[in-house]
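Structural overview
Listed here are the chains, written in short residue letters.
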Amino acid sequence: MPQIIPIRDLKNTSEISELCHGAGEPIFVTKNGYGDMVIMSMEAYEERMRMLDVYTKLSQAEEEIKAGKTRKAEDSMKELKEKYGL
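Figured I'd write up the structure that's included with this text. (Residues numbered from 1 in each chain as written. Predicted model: local features only at pLDDT ≥ 70, side-chain atom pairs only at ≥ 80, totals over all residues. Heavy atoms only, no water.)

This part covers the sheet that holds strand β1 (residues 3–6). Strand order in the open sheet formed by three strands is β1-β2-β3, and the pairing between neighbours is mixed. At either end of the open sheet lies a strand with only one pairing partner, and these are β1 and β3 (34–39). Shown here is a sheet whose adjacent strand axes are inclined to one another by a mean of 35 degrees, direction ignored. Examined bridge by bridge, strand β2 (residues 27–31) and β3 share five bridges and lie antiparallel to one another. Within β3, the residue paired with Val-29 across the bridge is Met-37. Across the sheet, helix α1 (residues 13–23) is in contact with β1, β2 and β3; its angle to β1 comes to roughly 170 degrees. (Pairing = 2+ DSSP bridges. Helix = DSSP H or I, 4+ residues; strand = E, 2+ residues; numbered from the N terminus. Axes fitted to C-alpha atoms, helices over the stretch in contact; angles between N-to-C directions. Contact = heavy atoms within 4.5 Å.)

On to the pairing of β1. Consecutive residues of a regular strand have side chains that alternate between opposite faces of the sheet. With four bridges joining them, β1 and β2 adopt parallel strand pairing. Paired with Pro-6 across the two strands is Thr-30, which belongs to β2. This β-α-β element, β1 to α1 to β2, shows right-handed connectivity. (Right-handed = clockwise from strand over helix to strand, strands pointing away.)

So, about the nonpolar core. Counting residues in each nonpolar core, the largest one holds five residues, listed as Ile-5, Ile-16, Cys-20, Ile-27 and Val-29. Listing elements by their share of this core, those giving two or more residues are α1 and β2. Contacts of Val-29, omitting those with residues within four sequence positions, involve Ile-5, Pro-6, Ile-7, Leu-10, Tyr-34, Gly-35, Asp-36, Met-37 and Ile-39. (Core = buried A, V, L, I, M, F, W, Y, C linked by side-chain atoms within 4.5 Å. Buried < 20%, exposed > 50% of the residue type's maximum accessible area, 1.4 Å probe, protein only.)

Phi at Asn-32 takes a positive value of approximately 55 degrees, unusual for a residue other than glycine. Locating Asn-32 in the fold gives a position in the loop between β2 and β3.

Turning next to helix α2 (residues 42–66). The first and last C-alpha atoms of α2 sit 36 Å apart over 25 residues, in line with the 36 Å expected at 1.5 Å per residue. Looking one or two places after α2, you find Gly-68, whose phi comes out positive at around 75 degrees. (Expected span 1.5 Å × (residues − 1).)

Throughout the structure, instances matching the rule amount to three salt bridges. Here Glu-79 and Arg-71 are joined by a salt bridge, their closest N and O atoms 2.7 Å apart. (Salt bridge = Lys/Arg side-chain N within 4 Å of Asp/Glu carboxyl O.)

Glancing now at the side chain of Ser-41. The residue Ser-41 is located in the loop between β3 and α2 in this model. Residue class for Ser-41 comes out buried when judged on its relative accessible area of 6%.

Written as structure tokens, this is what we have:
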């Protein structure tokens, strides 16, 4: 379940840091009862960025398949073997 904290709680930075690292997911910060910011640990952020990169590459690959920009694996392997003398 997502954690939600009011913006006034950001005053205690060490407690917020522990909360971010312990949660392993984003923490939502509200201001006047409305969503204002999202904070997370560096590890959680980097993991999300890695996953975003993977999803982006998968999406690009799917588009290339739909556009017919593929070739047989056997042909690619043969070309690599000839190129590098394997």
